[in-house]
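What follows is the residue order along each chain.
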Amino acid sequence: MAERGHLPPPAKRLCCRAGYGSGCRPGQRAGGAGPGSGALCAGPSSAAAAAALGLLPLGKTQSPESLLDIAARKVAEKWPFQRVEERFERIPEPVQRRIVYWSFPRSEREICMYSSFNTGAEDPAAVPGGAVTAPGGAADVAAAADENRLPFRRGIALLDGGCVDNVLQVGFHLSGTVTEPAMQSEPETVCNVAISFDRCKITSVTCSCGNKDIFYCAHVVALSLYRIRKPDQVKLHLPISETLFQMNRDQLQKFVQYLITVHHTEVLPTAQKLADEILSQNSEINQVHGAPDPTAGASIDDENCWHLDEEQVQEQVKLFLSQGGYHGSGKQLNLLFAKVREMLKMRDSNGARMLTLITEQFMADPRLSLWRQQGTAMTDKYRQLWDELDSSNRPHRTVFTRAIEACDLHWQDSHLQHIISSDLYTNYCYHDNTENSLFDSHGWPLWHEHVPTACARVDALRSHGYPREALRLAIAIVNTLRRQQQKQLEMFRAQKKELLHRGVTSITNLEGWVGHPLDPIGTLFSSLMEACRVDDESFHGFSDFTENMGHCKSLEYQHMPAHKFLEEGESYLTLAVEVALIGLGQQRIMPDGLYAQEKVCRNEEQLISKLQEIELDDTLVKIFRKQAVFLLEAGPYSGLGEVIHRESVPMHTFAKYLFTSLLPHDAELAYKTALRAMRLLVLESTAPSGDMPRPHHIASVVPNRYPRWFTLSHVESQQCELASTMLTAAKGDVRRLETVLESIQKNIHSSSHIFKLAQDAFKIATLMDSLPDITLLKVSLELGLQVMRMTLSTLNWRRREMVRWLVTCATEVGVYALDSIMQNWFTLFTPTEATSIVATTVMSNSTIVRLHLDCHQQEKLASSARTLALQCAMKDPQNCALSALTLCEKDHIAFETAYQIVLDAATTGMSYSQLFTIARYMEHRGYPMRAYKLATLAMTHLNLSYNQDTHPAINDVLWACALSHSLGKNELAAIIPLVVKSVKCATVLSDILRRCTLTTPGMVGLHGRRNSGKLMSLDKAPLRQLLDATIGAYINTTHSRLTHISPRHYSEFIEFLSKARETFLMAHDGHIQFTQFIDNLKQIYKGKKKLMMLVRERFG
């Protein structure tokens, strides 16, 4: 808020002193002390001054305050100095001095308010989205670090460090220098500070530091606090005009010339200009009586308010808005709104002005008109900020739709006036028992109005510094809500049979109180809690304030003495808790839009967080019991009623809080409440939809089934948290666990959340410090089985993890559980999962050891695993055959059955890669003939074209040929026709051919019989067939490559022909065949001259 080296603004009024006494010579005022006289700001005795300033409590002063100081202090607070001058013809100088002395602000609270975002004395709830953190946490450390950077804290540090010097008060103007100590990267700097003040308020500030901000800089703070804390060390002078009046002509000329000499570079042009104007008789300056004095105080017409840099407010808001939805900008704007509330609460007129500036800046944002042109809905960030405007403002200054409703709001209603102005307003003779009666059966006043609007009145009274009036209205509203709750219960009981028979309900509140932009329940709760809060230290003076500013103080809430309109044993605390429970339990429709839905969740959690700070005693437990019963029995008026609307806001978060609060005192009621809240009707296609048409609300991925609940994942997680809390509490109680399990299975529709609950139950059941809870383990297993059934036919990235976990859980339960999941595998697992994970894990040594199984039990479990494996192989041979063979190895009949399943599936459903894999397995297990059989079956499914020389199946083909070659001539002869038919790639065929000619086939034949050792002839079958096929493949491949060959591939092609020649030469007439082949190429492709030249160079 400091300005870059500018002079203070000119005085707002002209000073021309009259009233010289006849006995006074020119240059001397009545009671004057002579020219240049100055005095320290000495007041009465130091103790009296301290008492006046609040440094000592009342009754502790050492001597009474003088009548002059009492009168001067009151005049300094209320009257502009011009009025004093006009009211009295002659003002003695001592009187002037005392008025000037007392005109400077005396409280540090306002200095802090104008130099920091939060004074620390406000309710954390005043900051939108604010949360209360326990002292000593990481949040406190961060908060302390941020706080030390605030101008107010830095100003105190500068003052304590002795950095303030040259302090001078001339009339209503304070000046001084503040030295900023040298830092690591910054040299020492001296800032010149000037402050103008009027009627105990700072009206303008300037500082040469050049800081641009909404709030006062640290240097202004340091100088202000110096004047407040050390008034006796500040030299005080009357306004400069008074001093000038005391000078004769020679003194005035000397004064002016010295002033110009000292500051000639700055003021000489201005001095000459003024001199020219004064010497010109027709100049404007000579038409005005008197001259301005910046130290003379305020004129009668001046508005008495603290200095607020309006331009900086606008610039800062514009900057925050330009940053869009970033977290930092939203936080800064929220802090600005909190500052507005703080100012309004202290009845500072700048609160309303600052709010107006923020609003104007919002309306001037160019994006609003752009969105309007594009027909774009307002963003959630702007909705949030408009809500802050709405809740910060007076009821008749709300925005958008509520603005129209608020136009007719007024405060002239006589009943309302009586409620807020008196604690004694009753009517014991009033017997009107209608719904909108003005008094209840006790004769206590009620206030019937749209609840958010009525609570906005309470908020407005609090915000503008009328806490007692706000409290009275809040009590009337809460009593009205309690009476309405009782009436609604009676109404439901009368219609209960009909409603339960219909199974549907009309929602009673389209507009919920929790999550509402005006935050009605939060307002009532905060108002009542403030009335029963006991701080560790009270704020009797601003010295206490500055010591405690910003420190996290532990707050205690006590049952304060009963108000006249409370039942016996009730207090503000019980009333606050009860209204919070009423609001949280209200059945309300889930609003449209992401932001509105998130706000419902956020406000609910904030309110519960505040409730959790309160320690429950017997009185409060009674309130919890009473409200829990009410909510369970209140039908459609309660979110916990027997029948609710399909799109009602779920009660999971609230019910979890109720459950944990009631559990130690009334377990039956706690479980009844929590179990009732478990439902989530919006996910149930058969849920009652009520008779409230909302066609615009139904839009989702599944049309006409689920509304657009953007917070559905959060809602489901809260439902899961509630269930987990009940499971934990029910450990060891069979009946409770069965009930909770049944509720989970009925109401939770998300497999991932059920899986989480299953895991939670397993952890709780198998804690290290106790024996496993078998009932809870069974609950865990049952939930796991439900997850398996839910995800069996759907894709879930955690499926393998879920299957492995289920086997672990079943192992903990016992061998019968493992046997059961294998017997019923088809309802729980895919064949692949059943064989590769379930059966394999069950058959592992670790499982046998974990279960301490004897031989009989091991065999029974193994038999179930083999049966499962064979069933899976029948159902999905492609993926399960190999696992089945592995699992059945130790049982001959089962192994043969698995092998036959593979053979049966080989001709139809299995790929060559699967068959090759099983074939290699068979060879590895010592079944070469079975491996050969499967390899030949695999070859029938394979097809390698001429250019697939890097195909992954090549290794399998080479292996199959090597296996056949090792078995004997007959086996090789049988497989070569299959190879020739399936493989068209010349390089692969030549590789096979070369391998077959290196060794004698069947070197180790079947049954260990040795063969003759004679190499096979290339001129006879089966190698002749393979050789011809290889040569043919080379010829075909050559023509194919030449069709689209480019010059950069010529050298590669020549190398390819060289390999072809090697194969041609393996035939007895190969040389002739190759020569003819080359000649043929030269003739056909003679147009490719360069290539043919290379061919001739290499092959002739």
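All of these numbers come straight from a predicted model, not from anything done at the bench. (Residues numbered from 1 in each chain as written. Predicted model: local features only at pLDDT ≥ 70, side-chain atom pairs only at ≥ 80, totals over all residues. Heavy atoms only, no water.)

1. Considering the environment of serine 982
In step 1: Checked against the element boundaries, serine 982 lands in helix H42 (residues 969-982).
In step 2: Each C-alpha atom, one on serine 982 and one on valine 957, is 9.8 Å from the other, the two residues being 25 residues apart in sequence.
In step 3: Apart from residues lying up to four places away in sequence, serine 982 is in contact with Met939, Leu942, Asn943 and Leu944. (Helix = DSSP H or I, 4+ residues; strand = E, 2+ residues; numbered from the N terminus. Contact = heavy atoms within 4.5 Å.)

2. Examining the packing of helix H44 (residues 1023-1043) against helix H45 (residues 1050-1064)
In step 1: Two elements in contact, H44 and H45, have axes whose closest approach is 10 Å; the angle formed by their N-to-C orientations is 160°. It follows from the interaxial angle that H44 and H45 lie roughly antiparallel. For the crossing formed where H44 meets H45, the hand is left-handed. For the pair H44 and H45, contact is made by Leu1027, Thr1030, Ile1031, Tyr1034, Ile1035, Thr1037, Thr1038, Arg1041 and Leu1042 and by Glu1052, Phe1053, Phe1056, Leu1057, Lys1059, Ala1060, Thr1063 and Phe1064, respectively.
In step 2: Its residues assigned to classes, the contact of H44 with H45 comprises 10 nonpolar, 4 polar and 3 charged. (Axes fitted to C-alpha atoms, helices over the stretch in contact; angles between N-to-C directions. Parallel < 35°, antiparallel > 145°, perpendicular 65-115°, else oblique. Left-handed = near helix turned anticlockwise from the far one by under 90°. Nonpolar A, V, L, I, M, F, W, Y, C, P; charged D, E, K, R; others polar.)

3. Some details on the packing of aromatic side chains
In step 1: Under the definition given, this model contains 18 aromatic pairs.
In step 2: Taking 6.0 Å as the distance between ring centres and 55° as the angle between the ring planes, the aromatic pair formed by phenylalanine 172 and phenylalanine 197 counts as tilted. Highlighted residues: phenylalanine 172 in the loop between strand E3 (164-170) and strand E4 (173-180) and phenylalanine 197 in strand E5 (residues 189-198), separated in sequence by 25 residues.
In step 3: Judged by its relative accessible area of 2%, phenylalanine 172 falls in the buried class.
In step 4: A relative accessible area of 2% places phenylalanine 197 in the buried class.
In step 5: Residues tyrosine 425 and phenylalanine 439 carry aromatic rings whose centres are separated by 5.3 Å and whose planes lie at 65° to one another, so their mutual orientation is edge-to-face. Of the two residues, tyrosine 425 sits in the loop between helix H18 (414-421) and helix H19 (451-463) while phenylalanine 439 sits in the loop between H18 and H19, which places them 14 residues apart along the sequence.
In step 6: Since its relative accessible area comes to 16%, tyrosine 425 is described here as buried.
In step 7: Phenylalanine 439 gets classed as buried once you look at its relative accessible area, which sits at 4%.
In step 8: An aromatic cluster is defined as three or more aromatic residues linked by ring pairs; in this entry it consists of Phe81, Phe104, Phe172 and Phe197. (Phe/Tyr/Trp six-rings, centres within 6.5 Å; stacked < 30°, edge-to-face > 60°. Buried < 20%, exposed > 50% of the residue type's maximum accessible area, 1.4 Å probe, protein only.)

4. A few points about the nonpolar core
In step 1: One finds Leu727, Phe829 and Leu934 to be the most contacted residues of the largest nonpolar core, which totals 202 residues.
In step 2: The residues contacting leucine 934, other than those within four sequence positions of it, are Tyr899, Val902, Leu903, Leu915, Ile918, Ala919 and Met922.
In step 3: Among the nonpolar cores identified, the runner-up in size contains 64 residues, and Trp102, Met113, Val340 and Leu355 belong to it. (Core = buried A, V, L, I, M, F, W, Y, C linked by side-chain atoms within 4.5 Å.)

5. Digging into the pairing of E5
In step 1: Where burial is concerned, most of E5 is hidden: 7 out of the 10 residues are buried.
In step 2: Summarising the sheet, E4 and E5 pair through 8 bridges and their orientation is antiparallel. Among the inter-strand pairings, glutamate 180 is bridged to a residue of E5, identified as threonine 189.
In step 3: As paired elements, E5 and strand E6 (residues 201-207) share 6 bridges and run antiparallel to each other. Residue pairing in the sheet places alanine 194 in a bridge with threonine 206 of E6.
In step 4: In sequence, E5 turns back onto E6 through a hairpin of 2 residues, with arginine 199 there showing a positive phi of about 50°. (Pairing = 2+ DSSP bridges.)

6. As for a nonpolar patch on the surface
In step 1: The grouping of Ile240, Phe255, Val256 and Leu259 at the surface amounts to a nonpolar patch, some 290 Å² of accessible area in total.
In step 2: Considering every element that reaches the nonpolar patch, the biggest residue donor is helix H10 (residues 249-262), with 3 residues. (Patch = residues over 30% accessible without salt bridge, like charges linked within 9 Å, V, L, I, M, F, W, Y side chains within 5 Å. Areas by Shrake-Rupley, 256 points an atom, 1.4 Å probe, with all protein chains shown as cover. Salt bridge = Lys/Arg side-chain N within 4 Å of Asp/Glu carboxyl O.)

7. Here we look at the side chain of aspartate 440
In step 1: The topology assignment puts aspartate 440 in the loop between H18 and H19.
In step 2: The side chain of aspartate 440 is buried and forms no salt bridge, while arginine 483, the nearest opposite charge, is found at 6.4 Å.
In step 3: Within the structure, aspartate 440 has its side chain in polar contact with the backbone nitrogen of histidine 442 (distance 2.9 Å). (Lys, Arg positive; Asp, Glu negative; His and termini not counted. Polar contact = N/O pair within 3.5 Å; in protein donor to acceptor, adjacent residues only side chain to side chain.)

8. Notes on the side chain of glutamine 719
In step 1: If you trace the backbone, glutamine 719 turns up in helix H28 (residues 712-729).
In step 2: You can call glutamine 719 buried: its relative accessible area is 1%.
In step 3: A polar contact of 2.7 Å, which involves the side chain of glutamine 719, links it to the backbone oxygen of methionine 678.
In step 4: Filtering out sequence-adjacent residues up to four positions away, glutamine 719 remains in contact with His652, Met678, Arg679, Leu680, Asn747 and Ile748.

9. Remarks on the pattern of salt bridges
In step 1: Taken as a whole and assessed by the stated rule, the structure comprises 41 salt bridges.
In step 2: Residue aspartate 459 is joined to arginine 341 by a salt bridge in which the shortest nitrogen-to-oxygen separation is 2.6 Å. On the criterion of sequence distance, the pair formed by aspartate 459 in helix H19 and arginine 341 in helix H13 (residues 327-345) is long-range, its members being 118 residues apart.
In step 3: Since its relative accessible area comes to 6%, aspartate 459 is described here as buried.
In step 4: Salt bridges here are not isolated pairs; linked through shared partners, they connect Arg482, Glu570, Glu578 and Lys626.

10. Structural notes on the confidence of the model for the chain
In step 1: Taken as a whole, the chain shows an average pLDDT of 81; of its residues, 81% reach a score of 70 or greater.
In step 2: Under a pLDDT of 50 for its full length, residues 18-60 has, in the predicted model, 73 contacts with residues more than four places off or in other chains.
In step 3: Contacts of residues 687-704 to residues separated by more than four positions or lying in other chains number 42 contacts, the stretch itself having pLDDT below 50. (pLDDT = per-residue confidence, 0-100.)

11. Things to note about helix H21 (residues 520-531)
In step 1: Between its terminal C-alpha atoms H21 stretches 17 Å, which fits the 16 Å expected from 12 residues at 1.5 Å a residue.
In step 2: Within H21, 10 of the 12 residues are buried, leaving the element largely enclosed by the surrounding structure.
In step 3: Along H21, the residues that are buried comprise Pro520, Ile521, Gly522, Thr523, Leu524, Phe525, Ser526, Ser527, Leu528 and Met529. (Expected span 1.5 Å × (residues − 1).)

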